[in-house]
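Inside the fold
Chain by chain, the residues run as shown.
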Amino acid sequence: MSRPELAPEVDRFYTQVIDESVRLSMSADGRLELLRTQEILRRFLPAPPAHVLDVGGGAGVHAQWLVKDGYHVDLIDPIVRHVELAATVCSAALGDARALEKADASYDVVQLLGPLYHLPDPADRQQALREARRVVRRGGLVAAAAINRYASLFEHVALAHLQTERLQLSIASILRTAVHDGKRGFTLAYFHRAEELANELRDAGFIDVRVFGVEGPAWSLLKAVEQSGSEPREELFQSVLTAARMAEPYPELLAASSHLLAVGKAP
Ligand SMILES: C[S@@+](CC[C@H](N)C(=O)[O-])C[C@H]1O[C@@H](n2cnc3c(N)ncnc32)[C@H](O)[C@@H]1O
């Protein structure tokens, strides 16, 4: 397909600023995000071989372990260099979550681990989730990631940035509006509350919706240690990981995680 219409801030960020192929291995909280995303998804994935559509799959970091686990993965992403990198892992093509060029009911699993937080307009997010609903088979799984509404507050306190007025104003604006405009730092992004994410999946027709805190309540400790120039001790990493697992039964702790991961079923 031709290149999808993408907000210029999102295009620039993924084309020129960040290297998605190493984001989940370069930092301790990235490694935590990868490990927890894997362990949560593996609880819900059907047994391999099954067909997974990885929408906004980036450079194919999740596709890689899914292929290794025995799944057939097709990946779509609107960024050319992501598609080129992902094509070394699985079948990959340019595409947009809001208009999937896939047949109805053609996948066992559709995952959107990224697109929802780059679509600040609720109508676009709903369109992306309805497209997922259309292409997943009856009884199939959808998994959708979001960035938590409060993640930037925890992140910037860990980075010791909050004493500057510019950052205070910027974070206060994200907390108030749920949107970062993408003019500085991170790109254009929408920040979800857990209940809001669950409701968006239900509105798109999914049932049995559950939301998990990916990194749990203590991830920002890892960031704080890295910011001070040290590698977090393995014992600290394991404690933060254990906290994420122990927090799962307590929905009030979802607010402290960096990412949220919702799963649901197509009726
Ligand atoms: C933070 S990356 C996540 C990549 C990968 N899914 C992961 O979890 O590591 C967000 C991804 O969403 C993609 N994306 C942004 N807008 C999108 C859209 N409208 N449709 C599909 N993907 C989109 C970006 O190109 C990027 O690859």
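In this text the structure is predicted, and so the values were computed from the model without any measurement. (Residues numbered from 1 in each chain as written. Predicted model: local features only at pLDDT ≥ 70, side-chain atom pairs only at ≥ 80, totals over all residues.)

1. Some points on the overall build of the protein chain
Test applied: Secondary structure elements are taken from DSSP: a helix is a run of H or I of four residues or more, a strand is a run of E of two residues or more, and numbering for both begins at the N terminus. We take the radius of gyration over the C-alpha atoms and set the globule estimate at 2.2 Å times the residue count to the 0.38 power. To sort residues by exposure, count the other C-beta atoms lying within 10 Å of each residue's C-beta; 20 or more gives buried, 12 or fewer gives exposed, and values between give partly exposed, all with C-beta atoms placed from the backbone. By the criterion used throughout, residues are in contact when their C-beta atoms, derived from the backbone, lie within 7 Å.
Across its full length, the protein chain holds 11 helices and 9 strands. For 267 residues, the compact-globule formula gives about 18 Å, and the C-alpha radius of gyration of the protein chain, at 18 Å, lands near that figure. Taken over 267 residues, the protein chain has a buried fraction of 47%. Excluding contacts between residues fewer than 6 apart, the proportion of contacts in the protein chain whose partners are at least 24 apart in sequence is 70%.

2. With respect to helix H6 (residues 122-135)
Inclusion rule: Take the number of residues in a helix, subtract one, and multiply by 1.5 Å to get its expected span.
Taking 1.5 Å per residue, 14 residues should reach 20 Å; H6 reaches 20 Å between its end C-alpha atoms and fits that length. Along H6, the positions that sit buried rather than exposed are Arg125, Ala128, Leu129, Glu131, Ala132, Arg133 and Val135. Where the residues of H6 are buried, they touch strand S1 (51-55), strand S4 (107-112), strand S5 (136-148) and helix H9 (194-203).

3. Structural notes on the nonpolar core
Quick reminder of the rule: Note on terminology: a nonpolar core is any set of buried Ala, Val, Leu, Ile, Met, Phe, Trp, Tyr and Cys residues joined through C-beta atoms within 7 Å.
Judged by nonpolar contacts, the single largest core of 71 residues is most densely connected at Val110, Leu112, Val142, Ala144 and Leu260. A per-element tally of this core places S5 first, with 8 residues. Beyond its immediate stretch of four places on either side in the chain, Val142 contacts Val110, Ala132, Val136, Leu201, Phe206, Gly264 and Ala266. By size, the runner-up hydrophobic cluster in this structure holds 8 residues, among which are Ala218, Leu222, Val240 and Ala244.

4. Here we look at the packing of helix H3 (residues 28-44) against helix H10 (residues 219-227)
The cut-off we apply is this: Axes here mean lines fitted to C-alpha atoms, for a helix over just the part in contact, with angles spanning 0 to 180 degrees between N-to-C directions. Each angle is binned into one of four classes, with values under 35 degrees roughly parallel, values over 145 roughly antiparallel, values of 65 to 115 roughly perpendicular, and all other values oblique.
Running from amino to carboxyl end, H3 crosses H10 at an angle of 150 degrees, the nearest separation of the two axes being 8 Å. Here H3 is positioned roughly antiparallel relative to H10, judged by the angle of their axes. Residues Ala28, Asp29 and Leu32 of H3 touch H10, and the partners they reach there are Trp219, Leu222, Lys223 and Glu226.

5. Focus: the site of the ligand
Stated precisely, the cut-off is as follows: Near, as applied to residues and a molecule or strand, means the residue's backbone-placed C-beta atom lies within 6 Å of it. Polar here means any residue outside two lists: the nonpolar Ala, Val, Leu, Ile, Met, Phe, Trp, Tyr, Cys and Pro, and the charged Asp, Glu, Lys and Arg; Gly therefore counts as polar.
The ligand sits among 22 residues. The nearest are Gly56, Gly58, Ala97, Leu113 and Gly114. When contributions to the shell around the ligand are tallied by element, the ones reaching two or more residues are helix H1 (8-17) and helix H4 (61-68). When grouped by side-chain class, the residues that make up the shell around the ligand number 11 nonpolar, 7 polar and 4 charged.

6. Observations concerning the environment of Ile76
In this fold, Ile76 is placed in strand S2 (residues 72-77). Between the C-alpha atom of Ile76 and that of Glu200, which follows or precedes it by 124 residues, the distance is 22 Å. Here Ile76 is in contact with Val55, Gly57, Ala93, Leu94 and Gly95, once residues within four sequence places are set aside.

7. Thoughts on the packing of H10 against helix H11 (residues 234-247)
Two elements in contact, H10 and H11, have axes separated by 8 Å at closest approach and are oriented at 155 degrees. Taken together, H10 and H11 sit at an angle that is classed as roughly antiparallel. Here Trp219, Leu221, Leu222 and Val225 of H10 come into contact with H11, specifically with Leu236, Phe237 and Val240. Taken together, the residues of the contact of H10 with H11 sort by class into 7 nonpolar, no polar and no charged.

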